[in-house]
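Residue strings, one per chain:
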Amino acid sequence: MDIQQFQEELLSKAQDAKFEEAEFYYEKSNSFQVKIFEGEIDSYETSEEAGVGFRGLYNGSMGYAYTEKIDEDSISFLIESAKANADVLDEDDGTDIFEGSEHYSEHSRYSEELAAVSIPDKIEFIKEVEKKTLAYDSRITSLNYCMIQDFTEERVLANNKGLSLQGKTNGLIIFVSAVAKDGEEMKTGAGVRLTRDFNSLNAEEIAKEAAEEALSKLGETSIPSRKYPVIMRHDASASLLAAFTPIFSAEEAQKEQSLLKDKVGEGIGAETFSIVDDPFHPEALLGKNFDGEGVATEKTMIISNGTLKTLLHNRKTAKKDGVSSTGHASKASYKSTLSVAPDNLYIAPGEESQEELIAAMEEGVLITELSGLHSGTSTISGDFSVAASGFYIKDGKISSPVKQMTIAGNFFDYMNGIESVGADLKFVPGGYGSPSVKVKALSVTVD
Amino acid sequence: MIKQSIIENVLEAALSTGGDFSEVFIEDKFVNSIELQSDKVEKSISGRDFGIGIRIFSGLQNVYTYTSDFTEEGLIEAAKRAALAISGGGNGIIHPLQKEIVQPIHTIAQLPQTVEHARKVAVMRKANEIAKSYDERIRQVGLRYVDEEQHVLIANSEGKFVEDQRVHSRLAIQSTAMDGGEMQSGFYGPGAHAGFEFIENLDLQHYAGEASRIAVTMLGADECPSGKFPVIIDNEFGGVIFHEACGHGLEATSVAKNNSVFANRIGEKVAPDIVTYIDDGTLPNEWGSLSIDDEGEKTRKNVLIENGILKGYMIDKFNARRMNTEATGSSRRQSYRFNPTSRMTNTYIAPGQSTPEEIISSTENGIYAKYMGGGQVNPATGDYNFAVAEAYLVKDGKIDRPLRGATLIGNGAKTLQMVDKVGNNLAHGAGMCGSVSGSLPVNVGQPMLRVSEITVGGTKGE
């Protein structure tokens, strides 16, 4: 059965089943991914995925269910499951389904030109990247990862209050990881691109970036374990921000899982520090003009010159706090209940280049990569203790790569301790961005 | 799920451009997830995951596609779209499909789909009460219940035709303690390849109590010192260190491309004699267990390291070609959306001779990692890091004060060589492992053991 018919039948049967309000959410996406290994296609994946999320108000509670099988049986499954789920909920906050915003942005996140690029052209491009990376230096022995991926996503949100919204986005991701060996030493370096403009890509630039990063890590030395001033490079800084995103969620704050609860209007960071969420940022891949419950999205200033201006809200959290939704209702997919999440969250750039930040540092550490972020951070306390890669800086110059480090600190202290914000804003996969950031001090332990 | 004749047509269409192997993976999975927070059931969702993955090999070329369109036309089209990437010399022959009967080695007493939500919530409420009442400083308790029934059908051009049902049930408990401005949390997440009987019979007093005890203990704990120390790692989830530090490097996914520190070292001494490392997907009803893997191969006990000598790897069908060897029943994928590759199931260090008391009393100065958080490794280099959820200082052969903010960092191959005591109290802990073929349920296990030196990262300054 086709999706339009499924939608009509589902909303009709939901009404018959005594749902006071009902919502249909459909997502379809197509993607293509190729990994190259030694000039050959190592894996080639194409996909087409689609599913329906159903949400309905039943005896005052919002029940949820989803299906990926678009057939008659699944309509019954959705209705019976949503009822069963509504029955066990203790929600008492008057959640309802939205009738619609007055205005929706016209920003397009879909590129017809990207959609027209052929699969052979993409494969040829990524093979070229591999070839140039391996040829860059004899110490580059292999690529851990050499991937090109694109996606197209369509969304439909409809409900029995007359709302009917549609959206479409696409994008391209390149990820290359080079392995450098020198004797017993082995290091990796990455090159990443996120774009909707295939013609902006340069194979040589990506190859150089990955290879040079891997090579720059060879010849690692130790430095004493102590507190150092730190420059967090844009990508490391973006990944740290990503790990602490839950602190900006009003949902987490209302559950007492964020120390930013009751802090709106207060200074929580350095005056040089601002954080923005922009669903339409031209350099980011994510973002859409309506959120997961149909509220129109817009650019949101979260921290402005150190002052917390707002948390991220959906309609439920906004109602509880007596404010307006910021358009951050999130459905990670049709499988999800509503939550709160940013679109493209980033630290606002300043004016200095990364080179200028380094030149101004008498002694310190430049952190280029963080790992263990999913386990080494506590968004409740703000504590982090994560592995890091990077370089020792002396007299305003990069001195040497440092053996594997752990950096430890607290994210709230970190935000307060920011001394400079660079101009080199870049986004990482997942919708997070940052320029390079200079911080007063972090604990650095060296193996 | 889908008629055999349609499957045969799809396998044939997939080989239409000269591939030498094709496979169909059909999945129909029912899931339930319930979240209880601040004494209230805040979320409850059910779903049906459904789709078909189609895979084609041609020599060392690997092509994958998937779709939720289960019509014959849609499937043939998907198979042909994937086949476009192939130009091989295969003859397109499909061996007749031979239906295999899977002998269930994992007893399921109560299928989760047959259990009403109210009974699941009742267990959660009981656990919530235990965790909350543990100490007055417990300010928040969150629980998450998850169950899944996954029906799979796997067929390939070599004649394999097999169906299986996997059931997973898990209850995760997180307690948050607060004192003044300080917050700390503790976590425990038991899971099994089992039905609701597992949840109903959980020792809630132990699991919920421990989550709260960890949170309260870490409140007011001293900041962990930084430096190199002997580290005692407790059993059960302590196994995460070797899962991250060595296990990933023993998967063919990285070994086959020479991107592992363990590549080309079979027969070499890679660890002390006291270390034997095993991956066993057949352990009855364990969280990481499977009857057949996601290529339809029977799981088995794979000895990876025996008395310090590297014996084998975890190998999937595709990487077996590259390595000129046989698959080991270790191929896994999160769902039909992922191209399968070699992954861990229940991975553990075999028990040794020492008692926990002996290990502690023989450690003059060190760190005791009682509960580990999660961690991560770069499989190419073996560099790892992971968080310690509950740590203590060990002084004069005795456990001293609790420490917070501890991280263990180092290199897997080097750490393995520095294991100097292996305990006799093997236990397994449930976790989720993320890698190229998705997020999977795995067990990590070990007895208590000691590493003579690991770098410990902490927040305490010099």
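Each chain has its residues counted from 1, running along the sequence as written. Whichever chain is written first becomes A and whichever ligand is written first becomes 1, with later ones labelled in order. Local features in this predicted model are restricted to residues of pLDDT 70 or higher, and side-chain atom pairs are both shown and tallied only at a pLDDT of 80 or more, whereas totals for entire chains, interfaces and linings draw on every residue. For side-chain calculations, the full set of non-hydrogen atoms in the structure is used, while hydrogens and water are omitted.

1. Quick word on the interface of chain A and chain B
- Each side of the interface is counted separately: chain A has 74 residues, and chain B has 77 residues.
- Around 6100 Å² of area is buried between chain A and chain B when both sides are counted, 47% of it from carbon and sulfur atoms.
- For any pair of parts, buried area is found by adding up, for both, the accessible area (1.4 Å probe) each one loses once the two are put together. Looking at the side of chain A facing chain B, the largest losses of area belong to Tyr44, Glu68 and Lys69 of chain A, adding up to 10% of the total buried there.
- By salt bridge we mean one thing: a side-chain nitrogen of Lys or Arg within 4 Å of a carboxyl oxygen of Asp or Glu. Counting across the interface, chain A meets chain B through nine salt bridges. Only heavy atoms matter for contacts: two residues are in contact if any of them lie within 4.5 Å across the pair.

2. Here we look at the UniProt feature "domain: Metalloprotease TldD/E central" (unreviewed entry) in chain A
- UniProt positions are given in the numbering used here, feature names are shortened, and annotations may be inferred rather than shown by experiment. Under the present numbering, the feature "domain: Metalloprotease TldD/E central" (unreviewed entry) in UniProt falls on residues 113-218 of chain A.
- The secondary structure listing takes helices from DSSP runs of H or I that are at least 4 residues long and strands from runs of E that are at least 2 residues long, numbered from the N terminus. Note that residues 113-218 of chain A is 33% helix and 47% strand, and that its end C-alpha atoms are spaced 40 Å apart.

3. Quick look at the packing of aromatic side chains
- Pairing of aromatic rings covers Phe, Tyr and Trp, the last through its six-membered ring, and needs centres within 6.5 Å; plane angles under 30 degrees mean stacked, over 60 mean edge-to-face, and all others mean tilted. Inspection of every chain in the model, using the stated rule, returns 23 aromatic pairs over all chains.
- An angle of 80° between the planes, with centres 6.4 Å apart, marks the rings of Tyr228 of chain A and Tyr392 of chain A as edge-to-face. Here Tyr228 of chain A, found in strand β7 (residues 226-232), pairs with Tyr392 of chain A, found in strand β15 (residues 383-394); they are 164 residues apart in sequence, far enough to count as distant. Here the two residues Tyr228 of chain A and Tyr392 of chain A agree in accessibility, since each one is buried.
- Of the aromatic side chains, those joined through ring pairs into one cluster are Phe244, Phe384, Phe411 and Tyr414 of chain A.
- In this analysis the charged atom, NZ for Lys or CZ for Arg, is taken to sit over a ring once it is within 6 Å of the ring centre and within 35 degrees of the ring normal. In this structure, Lys168 of chain A is placed above the aromatic ring of Tyr110 of chain A, and the distance from its NZ or CZ to the ring centre is 4.5 Å.
- One cation-aromatic arrangement involves Lys257 of chain B over Phe37 of chain A; the distance from NZ or CZ to the ring centre is 5.1 Å. The buried label applies to any residue whose accessible area, calculated with a 1.4 Å probe on protein chains only, is under 20% of its type's maximum; exposed applies above 50%, and partly exposed to all values in between.

4. What about the packing of helix α1 (residues 4-14) of chain B against helix α2 (residues 72-83) of chain B?
Residues and elements named next belong to chain B.
- All axes here are fitted lines through C-alpha atoms, helices being fitted over the stretch that makes contact, and every angle between N-to-C directions spans 0 to 180 degrees. Where α1 contacts α2, the two axes come as close as 8 Å, and the packing angle between them is 20°. Relative to α2, α1 is oriented roughly parallel. The handedness of the crossing between α1 and α2 is right-handed. From α1, Ile6, Asn9, Val10, Ala13 and Ala14 reach across to α2, where they touch Glu72, Leu75, Ile76, Ala79, Lys80 and Ala83.
- Residues belonging to the contact of α1 with α2 are distributed by class as follows: eight nonpolar, one polar and two charged. Every angle not falling under 35 degrees, over 145, or within 65 to 115 is termed oblique; those three ranges are roughly parallel, roughly antiparallel and roughly perpendicular. Crossings are classed by handedness, with left-handed meaning an anticlockwise turn of the near helix from the far one by less than a right angle and right-handed meaning a clockwise turn. Throughout, the ten residues Ala, Val, Leu, Ile, Met, Phe, Trp, Tyr, Cys and Pro are labelled nonpolar, Asp, Glu, Lys and Arg are labelled charged, and all others, Gly among them, are labelled polar.

5. Some remarks on the domain arrangement of chain B
Residue and element names in this part refer to chain B.
- What fixes the domain bounds is an automatic or database domain assignment. Considered domain by domain, chain B is made up of domain 1 (4-219) and domain 2 (222-457).
- Relative placement of domain 1 and domain 2: their C-alpha centres are 22 Å apart.
- Contact with domain 1, which involves 53 residues of that partner, is made by 42 residues of domain 2.
- Together domain 1 and domain 2 conceal approximately 3700 Å² of surface at their shared face, both sides included; 53% is due to carbon and sulfur atoms.
- Linking domain 1 with domain 2 are eight salt bridges, by the criterion used here.
- With a shortest N-O distance of 3.6 Å, Arg404 and Glu182 are connected by a salt bridge.

6. Observations concerning the pattern of salt bridges
- All told, the structure shown has 57 salt bridges over all chains when counted by the stated rule.
- The partner of Arg337 of chain B in a salt bridge is Glu49 of chain A, and the shortest N-O contact between them spans 2.7 Å. Placement of the pair is Arg337 of chain B in the loop between β14 (331-332) and β15 (341-342) and Glu49 of chain A in strand β2 (residues 40-58), with the two residues belonging to separate chains. Pair check on accessibility: Arg337 of chain B and Glu49 of chain A agree, each one buried.
- Across the salt bridge formed by Arg401 of chain B and Asp222 of chain B, the nearest N and O atoms sit 2.4 Å from each other.

7. Points about the layout of surface pockets
- The method works on a 1 Å grid over the protein atoms by themselves. A cavity is a set of points holding a 1.4 Å probe that cannot get out, a pocket is an open set with protein on both sides within 12 Å along at least five of seven lines, and residues with an atom within 4 Å of a point line them. Grid points are joined across faces, edges and corners, and a volume is the space filled by probe spheres set on the points. If you add up the space inside the second largest pocket, you get close to 770 Å³.
- In this structure, the second largest pocket is lined by 30 residues; those nearest its centre are Glu184 of chain A together with Val261, Thr381, Asn411 and Lys414 of chain B.
- The set of elements that each furnish at least two residues to the lining of the second largest pocket consists of β6 (185-195) and β16 (397-410) of chain A together with β18 (383-395), β20 (407-411), α10 (412-417) and β24 (449-457) of chain B.
- In terms of residue count, α10 of chain B provides more of the lining of the second largest pocket than any other element does, four residues in total.
- For the lining of the second largest pocket, the residue count by class is eight nonpolar, 10 polar and 12 charged.

8. Observations concerning the side chain of Asn128 of chain B
- Considering the arrangement of structural elements, one finds Asn128 of chain B in helix α3 (residues 117-132).
- For Asn128 of chain B, the residues in contact, after removing those within four places along its chain, are Leu36, Asp39, Val141 and Leu143 of chain B.

9. A few points about the UniProt feature "domain: Metalloprotease TldD/E C-terminal" (unreviewed entry) in chain B
- UniProt records the feature "domain: Metalloprotease TldD/E C-terminal" (unreviewed entry) for residues 226-458 of chain B in the present numbering.
- Spanning residues 226-458 of chain B, this segment combines 13% helix with 41% strand, and its end C-alpha atoms are found 5 Å apart.

10. Quick notes on the pairing of strand β10 (residues 227-233) of chain B
Residues and elements named next belong to chain B.
- Taking burial as the measure, the seven residues of β10 include five buried ones, the bulk of the element.
- Strands are treated as partners if at least two bridges between them are detected by DSSP. With six bridges connecting them, β10 and β24 associate as antiparallel partners. Looking at the pairing, Lys228 lines up with Thr455 of β24.
- Looking at chain direction, β10 and strand β17 (residues 365-377) are connected through three bridges and run parallel. Opposite Val231, over in β17, you have Ile367 as the bridge partner.

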